[in-house]
Amino acid sequence: MNNSKEVSQLDVVTVLGARPQFIKAAPVSKALAHVGLREGLLHTGQHYDEKMDAIFFRELSIPFPVENLRVGSDSHGRQTAKMLIGVEDFLRKSNPALVLVYGDTNSTLAGALAAVKLGIPVAHIEAGLRSYNIAMPEEVNRRMTDHISRLLFCPSDHAAENLRTEGIVNDVFVTGDVMLDAVNAFREAAFLRTLPEGLTRDSYYLLTIHRPSNVDDPDRLACILRMIETLDYPVLWPIHPRTLARLDVSKLPQNLIVSEPLGYLDLLNALGKSKALITDSGGMQKEAYWLQRKCITLRKETEWVETLEGGWNTLLPPGSEVEIAAILARTPDSWKPLYGNGNAATDIAANLLQFLKT
Ligand code: UD1
């Protein structure tokens, strides 16, 4: 679909552009098609490398975007501004009944802001998350997006409660997390894959780091690497491009096995067979939980507070005095389901259909 006549027949335009949003779109786009809603994906181009973008569309059978704005990397203000112009132009010609956005990236904010300025209602999936750390770009994006959205889909009661304390009470739905739908849909296929050479099940850790607060400060990044060096098993590290740009890969600890960013299936496989995850990602804290792997989160706070209960996830801000080995040695409490029952996308599609019919 790429001419204006077809684009004008869309019910829903979904604005997305960064890796975690492609994963979230996989179950939701399928559920929207199932209830007969005509959805078009507008890709901002925030992520554009093969391993950060195209591989997800191929592996997860996500519908091909109707347009890609190819905004690319830039400072936050310039990147968001370019997206705003591109999204507005697209919405003017497509004039959908609703705009859908996911999560908390610059693409989320640009999609929501462009839509609301044109009077188009916005639905926000993964609404109500808070770190209460305004220095995080994501915290700004998610707060602003929640406050201009018409429909808010929350992964947990806690997220809905966060919205309530900010005065957002209408059309808030607790649906569970669409990332759980994705894990359930793809885990079986993922586990058939082989691990990178030299790694065997339960005999390595998985590491991911990309937050500006961890990688933009050379001392902090060096501090993380010194901690990794103390670990008793090899550490698989798929390196995000932002992090790679700040590293001298010839001077890394010996126990690190580095790779390019992994596609979703290889990542789920590597996570599900690891001893534990060490990360600053939001989504991966939950994926580790659902796959019953311990997680150490290299931050001082998390939006996904439920994962901290029972010791499955532990916050370890880089530079802290606590020994990583001591955390890894602890046995977590018994596991219980979190963030819904894996039917979030179906629930969201039913709610959107209901909204658009009335
Ligand atoms: C973005 C999101 C973050 C999310 C993450 C997932 C914002 C503010 N941040 O962070 O919430 O967790 O995506 O990965 O929206 N780059 C490439 N190729 C790519 C993409 C990025 O080389 O395909 C490099 C560029 O040098 C770029 C840097 O990575 O400047 C950062 O990319 P950017 O999209 O600005 O933010 P992320 O750090 O990926």
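Residues numbered from 1 in each chain as written. Predicted model: local features only at pLDDT ≥ 70, side-chain atom pairs only at ≥ 80, totals over all residues. Heavy atoms only, no water.

## Examining the site of the ligand
Surrounding the ligand, one finds 19 residues, the nearest of these being Q46, H47, Y48, N106 and E138. Contact distances for the ligand include 2.6 Å between an oxygen atom and a side-chain N or O atom of E138. In the complex, the protein chains occlude 86% of the 740 Å² of accessible area that the ligand would expose alone. Elements that contribute at least two residues to the shell around the ligand include exactly α2 (19–34), α6 (137–148) and α11 (241–244). Classifying every residue of the shell around the ligand gives six nonpolar, eight polar and five charged. Formed jointly, the shell around the ligand draws a minimum of three residues from each of two domains, domain 1 (4–177 + 341–357) and domain 2 (188–329). (Near = heavy atom within 4 Å. Polar contact = N/O pair within 3.5 Å; in protein donor to acceptor, adjacent residues only side chain to side chain. Areas by Shrake-Rupley, 256 points an atom, 1.4 Å probe, with all protein chains shown as cover. Helix = DSSP H or I, 4+ residues; strand = E, 2+ residues; numbered from the N terminus. Nonpolar A, V, L, I, M, F, W, Y, C, P; charged D, E, K, R; others polar. Domains from an automatic or database assignment.)

## Re the sheet that holds strand β11 (residues 276–279)
Read across the sheet, six strands follow the order β10-β9-β8-β11-β12-β13 without closing on themselves; strand pairing throughout is parallel. Whereas interior strands pair on both sides, the edge strands pair on one side only; in this sheet they are β10 (256–259) and β13 (313–315). Taken pair by pair, the neighbouring strands of this sheet meet at an average axis angle of 20 degrees, ignoring direction. As defined by bridge partners, strand β8 (residues 205–208) adjoins strand β9 (residues 235–238) across two bridges and the pair is classed as parallel. (Pairing = 2+ DSSP bridges. Axes fitted to C-alpha atoms, helices over the stretch in contact; angles between N-to-C directions.)

## Comments concerning empty space enclosed by the protein
Taken as a whole and judged by the stated rule, the model has one cavity of 30 Å³ or more. Of the residues assigned to the lining of the largest cavity, the class counts are five nonpolar, two polar and two charged. (1 Å grid on protein atoms, 1.4 Å probe; cavity = no way out; pocket = protein on both sides within 12 Å on 5 of 7 lines; lining within 4 Å. Points joined across faces, edges and corners; volume = space filled by probe spheres on them.)

## Points about the packing of aromatic side chains
Each aromatic ring pair is summarised here by two numbers: the centre-to-centre distance and the angle between the ring planes. With the rule as written, the count across this model stands at nine aromatic pairs. Centre to centre, the rings of F22 and F56 are 6.4 Å apart; their planes meet at 50 degrees, and the pair counts as tilted. Linking F22 in helix α2 with F56 in helix α3 (residues 54–59), this pair joins segments that are 34 residues apart in sequence. A single burial state applies to F22 and to F56, both of which are buried. Taking 5.9 Å as the distance between ring centres and 90 degrees as the angle between the ring planes, the aromatic pair formed by F186 and Y264 counts as edge-to-face. Taken together, the residues F186 in helix α8 (residues 178–191) and Y264 in helix α12 (residues 264–272) connect sequence positions 78 residues apart. (Phe/Tyr/Trp six-rings, centres within 6.5 Å; stacked < 30°, edge-to-face > 60°. Buried < 20%, exposed > 50% of the residue type's maximum accessible area, 1.4 Å probe, protein only.)

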